[in-house]
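Coordinates in review
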Amino acid sequence: MSQADVLILGGGLVGSALAVALDVHGLTSIVVDPADPAVTTAAGFDGRASAIASAPMRMLEAIGVTDRLAGKGCPIEGIRVSDGLKPGALDFVPQDGEDALGTMFENRDLRLALLGAAGAAKGVDLRMKTRASEVTRDDFGVHATLSDGSEVRAQLLVGAEGRSSPTREAAGLNTARWSYDHVALVTSIGHERPHENVAYEIFYPEGPFAILPLVDDDRGHRSAIVWSVRGAQAPGMQKLGERGYLAELSRKMGGFLGELTWLGPRFAHPLGFHHAATITAHRLALVGDAAHGIHPIAGQGVNVGFRDLAALVEVLVEGKRIGLDMGDPALLARYQRWRSLDTFMVSLATDGLTRLFGIPGNAANAVRRFGLSAVQRAPALKDRFIAEARGESGVLPKLLAGLTV
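This report concerns the structure included in the present document.

On to the side chain of Lys-252. Mapped onto the elements, Lys-252 comes out in helix α7 (residues 242–253). In this structure, Lys-252 is in contact with Leu-85, Ile-202, Tyr-204, Glu-206, Phe-209 and Trp-227, ignoring residues within four places of it in sequence.

So this is what it looks like as structure tokens:
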């Protein structure tokens, strides 16, 4: 295929999911990504796991991806938030008859499922280990010359390359950005006691510490760890031997999961913030981390990206039905309006939480514990937080309700 409705630069979780969702709705796409799938889907690639909120899970089911994830995900039946290991925790649990708050997947399994679905889709031309050498956008469409010498055309260009999106930079879109001087130490652990499908977010002055439930395997109970530390601390922590590292993890966890039985490969990911002032330009739309990168404090990064693509698909499908070009300014303006407020509010909230829980001192600890206890006693406020965690706040695209457009 040398021509399609949409050219997607970036075949990661959001880019590949976008291609599959477009195909389900009869729109064609060409996906270009320089990554080697054999590397990015290897067990030891980056060690990350993602909490897919319940609304994006419904989208994955609607576009036919969940069958490829069968048995890979651990439902999140509760979330416990605390300031250190002191009393005053805030618990989120679904009501009787409600779905789980989300599902934990290792990113490797998500990549395999989404790339597999994209590769099997008739309307998706998947070109991995290839990059766009030159891209032009004009009144007649989008034209790209690829690194293999081929040329492709489309009506709309979508930037989905992640935080360092060259498409965003080439378009000259103003972007606010800063570093948190934090590094996320990512690993997986085995533990003696079951996690009961509960995710834990423990806030320490040096950064949040998340324990995320994974499905058991032949080694027993296991969880993913996302441990934020100051940038200066990260090299020393990574140099610790396995016994020392497990001892530090056990101290942070307070022993509630019992003895830690094994430690998986360790990874370190620097953390930062960026937010594009606008996510569209002439025949261009940004999705996922190309548009906004947030702290993983609330586990919303990939979920916000899935909300982007669900909105974009709805806009494009409805535009196609009335005969509009996929790059029509009216369609892009609608996408911009739909996603700008939601992404700004999520970015603001995660940045605010990061700064609030990073304030040291007993007085700050007391205020935070009081706040957590107050929310715990306010059912209406808790319901609002749960809706945010599920990805169900605001005006939802049909895909997030499990419906095709």
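For a regular strand, side chains alternate in direction, first toward one face of the sheet and then toward the other. Pairing analysis gives six bridges linking strand β1 (residues 3–9) to strand β11 (residues 151–159), with the strands arranged parallel. In the strand pairing of β11, Gln-3 is matched with Arg-153. Here strand β10 (residues 141–146) runs beside β11; their pairing, made up of four bridges, is antiparallel. Its bridge partner being in β11, Thr-145 is matched across the sheet by Glu-151. In this structure, the hairpin formed by β10 and β11 is closed by a connection of four residues, where Gly-149 is found at a positive phi of approximately 90°. Bridge count for β11 against strand β19 (residues 284–286) is three bridges, and the pairing is parallel. Within β19, the position partnered with Gly-159 by the bridge is Leu-286.

The next thing to look at is the packing of aromatic side chains. For the structure on display, the rule yields three aromatic pairs. Pairing Tyr-200 with Phe-256 gives two aromatic rings, centres 4.6 Å apart and planes at 50°, and the pair type is tilted. Residue Tyr-200 is located in strand β13 (residues 198–204), and its partner Phe-256 is located in the loop between α7 and β16 (260–263); the two are separated by 56 residues in the primary sequence. Taking the relative accessible area as the measure of exposure, Tyr-200 reaches 17% and is therefore buried. Aromatic pair Trp-227 and Tyr-245: ring centres 5.8 Å apart, planes at 65°, arrangement edge-to-face. Note that Trp-227 is positioned in strand β15 (residues 221–230) and Tyr-245 in helix α7, a separation of 18 residues in sequence. Judged by its relative accessible area of 3%, Trp-227 falls in the buried class. Given a relative accessible area of 0%, Tyr-245 falls into the buried group. Each residue in the set Phe-209, Trp-227 and Tyr-245 is aromatic and connected to the rest through ring pairs, giving one cluster. Lys-252 extends its terminal NZ or CZ atom over the ring of Tyr-204, reaching a point 4.0 Å from the ring centre.

With that out of the way, let us pick up helix α4 (residues 107–120). Between its first and last C-alpha, α4 extends 20 Å over 14 residues, near the 20 Å set by a 1.5 Å rise per residue. All buried positions along α4 are accounted for by Asn-107, Asp-109, Leu-110, Arg-111, Ala-113, Leu-114, Leu-115, Ala-117 and Ala-118.

Our focus in this paragraph is α7. Given a rise of 1.5 Å per residue, 12 residues ought to cover 16 Å, and the 16 Å separating the end C-alpha atoms of α7 matches this to within 8%. Turning to α7, its buried residues are Tyr-245, Leu-246, Leu-249, Lys-252 and Met-253. Buried positions in α7, seen along its axis, are confined to an arc of 120° and lie on one side of it. Among the exposed residues of α7, those pointing more than 90 degrees away from its buried face are Arg-243 and Arg-251. Where the residues of α7 are buried, they touch β12 (175–191), β13, β14 (207–213), β15, α6 (234–239) and β16. Residue Gly-254 follows α7 closely and has a positive phi angle near 75°.

Conventions adopted
Residues numbered from 1 in each chain as written. Predicted model: local features only at pLDDT ≥ 70, side-chain atom pairs only at ≥ 80, totals over all residues. Heavy atoms only, no water. Helix = DSSP H or I, 4+ residues; strand = E, 2+ residues; numbered from the N terminus. Contact = heavy atoms within 4.5 Å. Pairing = 2+ DSSP bridges. Phe/Tyr/Trp six-rings, centres within 6.5 Å; stacked < 30°, edge-to-face > 60°. Buried < 20%, exposed > 50% of the residue type's maximum accessible area, 1.4 Å probe, protein only. Lys NZ or Arg CZ within 6 Å of the ring centre and 35° of its normal. Expected span 1.5 Å × (residues − 1). Arc of directions from axis to C-beta.

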